[in-house]
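# Observations on the three-dimensional arrangement
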Amino acid sequence: MRTAFLVFLCMLFVGLGVGVQAANLEKEFRDDSLGYVVSYPSDWVYQRPSEATVVFSGRPGTAAYHATVTVQNVASTRIGGIFEDVASVVNDYKCQLVAGVEEICFYDQKAWVWRLNDGRELQGIGFTAEYPIQGDVFKTSQVIFPHANGNVFCSWAYSAPKEDYDDYLDIVNAMFDSWAFTRGVSTSSTTQSPAGPTTSSLTILFEVRDHIYRLANSDSEFNLGKRDKKQYTISVPAPGYLACILIDEPEQWIGVRVYNLLGEEVAGKATTATSIYGGTFEVL
């Protein structure tokens, strides 16, 4: 049995709403080298984009094609991997998502517990993210557990366009409930680190609380430069991806810009009143 403990006031990871797609799991995927078994619908298919990754979805051409369940094994340090615990795997997956899109929102992070039949409890972490891709907003809910054998970490992720997300929850919930560990995964040959950046954590380089005052009485005065500004100097220790987050009062037009030593803008959050998150930018 897998349960979640709320860290924030938020929704459950899966199991919300009533999906329009009934759960009828007639097929079974089993691979003892990966160490797990999953049941899935007869009109869904799976692909193996890598040795340690299995992606389930509706058949091409169907409405469920863009609803995907991805199960991936990630090697722990016990068998030569780079990850020591679930938290480091979660941070790496977040880094991958941040690096792949211009804007993203993470929320609903919570602790999960998988209670095995032998009485052991596996401590996992889950989170939800929303991000735009080619004009559509996608929603991903992901949870990472250590495998029962302790050699790998197992990631379960459900992704779909946000407007279709609830339609397949019944199916995804049933698949998640059918997901069970078997013996196996005794060597690193069937595991891999997540693709993308290998950064093991998101680091806050700079944080400030301050006041910006309104100096202009009209848009024209503002455009002519009558505006309050604050300037800070920070040090970026290594190449990677830089994100700016600005939280201000509602309906305020406040922006932030990050420049390198040459005066080139490398990151920023536009002066709009609709978003607190400014996206991510590669820093060389």
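Residues numbered from 1 in each chain as written. Predicted model: local features only at pLDDT ≥ 70, side-chain atom pairs only at ≥ 80, totals over all residues. Heavy atoms only, no water.

Put simply, the second largest pocket is a space of about 510 Å³. Surrounding the second largest pocket, 23 residues form its lining, Thr70, Gln96, Leu97, Ala157 and Ser159 being those nearest its centre. Counting residues per element, the lining of the second largest pocket draws most heavily on helix H1 (residues 86–100), at four residues. Tallied by class, the residues present in the lining of the second largest pocket amount to eleven nonpolar, twelve polar and no charged. (1 Å grid on protein atoms, 1.4 Å probe; cavity = no way out; pocket = protein on both sides within 12 Å on 5 of 7 lines; lining within 4 Å. Points joined across faces, edges and corners; volume = space filled by probe spheres on them. Helix = DSSP H or I, 4+ residues; strand = E, 2+ residues; numbered from the N terminus. Nonpolar A, V, L, I, M, F, W, Y, C, P; charged D, E, K, R; others polar.)

A contiguous nonpolar patch, built from Leu205, Phe206, Val208, Tyr232, Ile234 and Val236 and spanning about 460 Å² of accessible area, is present on the exposed surface. Along the chain, leucine 205 turns up in the loop between strand E11 (180–181) and helix H3 (219–223). (Patch = residues over 30% accessible without salt bridge, like charges linked within 9 Å, V, L, I, M, F, W, Y side chains within 5 Å. Areas by Shrake-Rupley, 256 points an atom, 1.4 Å probe, with all protein chains shown as cover. Salt bridge = Lys/Arg side-chain N within 4 Å of Asp/Glu carboxyl O.)

Per the counting criterion, the structure on display carries seven salt bridges. Ionic pairing is found between aspartate 31 and arginine 48, a salt bridge with its closest N-O pair at 3.4 Å. Of this pair, aspartate 31 sits in strand E2 (residues 27–31) while arginine 48 sits in strand E4 (residues 44–50), and the two are 17 residues apart along the sequence. Given a relative accessible area of 16%, aspartate 31 falls into the buried group. With a shortest N-O distance of 3.2 Å, glutamate 121 and arginine 115 are connected by a salt bridge. When its relative accessible area of 29% is taken as the criterion, arginine 115 is described as partly exposed. (Buried < 20%, exposed > 50% of the residue type's maximum accessible area, 1.4 Å probe, protein only.)

A separate point is the pairing of E4. Note that E4 and strand E5 (residues 53–58) share five bridges and pair antiparallel. By the bridge assignment, valine 45 is partnered in E5 with serine 57. Hairpin geometry of E4 and E5 is characterised by an intervening segment of two residues between the two adjacent antiparallel strands. (Pairing = 2+ DSSP bridges.)

Our next topic: the sheet that holds E2. If you trace the three strands from one edge of the open sheet to the other, you get E2-E3-E11, paired in antiparallel fashion. One side of each edge strand has no neighbouring strand; the edge strands of this open sheet are E2 and E11. Across two bridges, strand E3 (residues 36–40) lies against E11 in antiparallel orientation. In the strand pairing of E11, valine 37 is matched with alanine 180. Sheet contacts for helix H2 (residues 169–178): E3 and E11; angle to E3, the most-contacted strand, approximately 155°. (Contact = heavy atoms within 4.5 Å. Axes fitted to C-alpha atoms, helices over the stretch in contact; angles between N-to-C directions.)

One can find isoleucine 204 in the loop between E11 and H3. Between the C-alpha atoms of isoleucine 204 and leucine 242, which are 38 residues apart in sequence, the distance is 9.7 Å.

Further remarks concern the confidence of the model for the chain. Per-residue confidence for the chain gives a mean pLDDT of 79, with 80% of residues at or over 70. Low pLDDT, under 50, characterises residues 3–20; the predicted model gives this stretch 49 contacts beyond four residues in sequence or across chains. Taken as a whole, residues 185–200 scores under 50 in pLDDT and shows 56 contacts with residues more than four places along the chain or in a different chain. (pLDDT = per-residue confidence, 0-100.)

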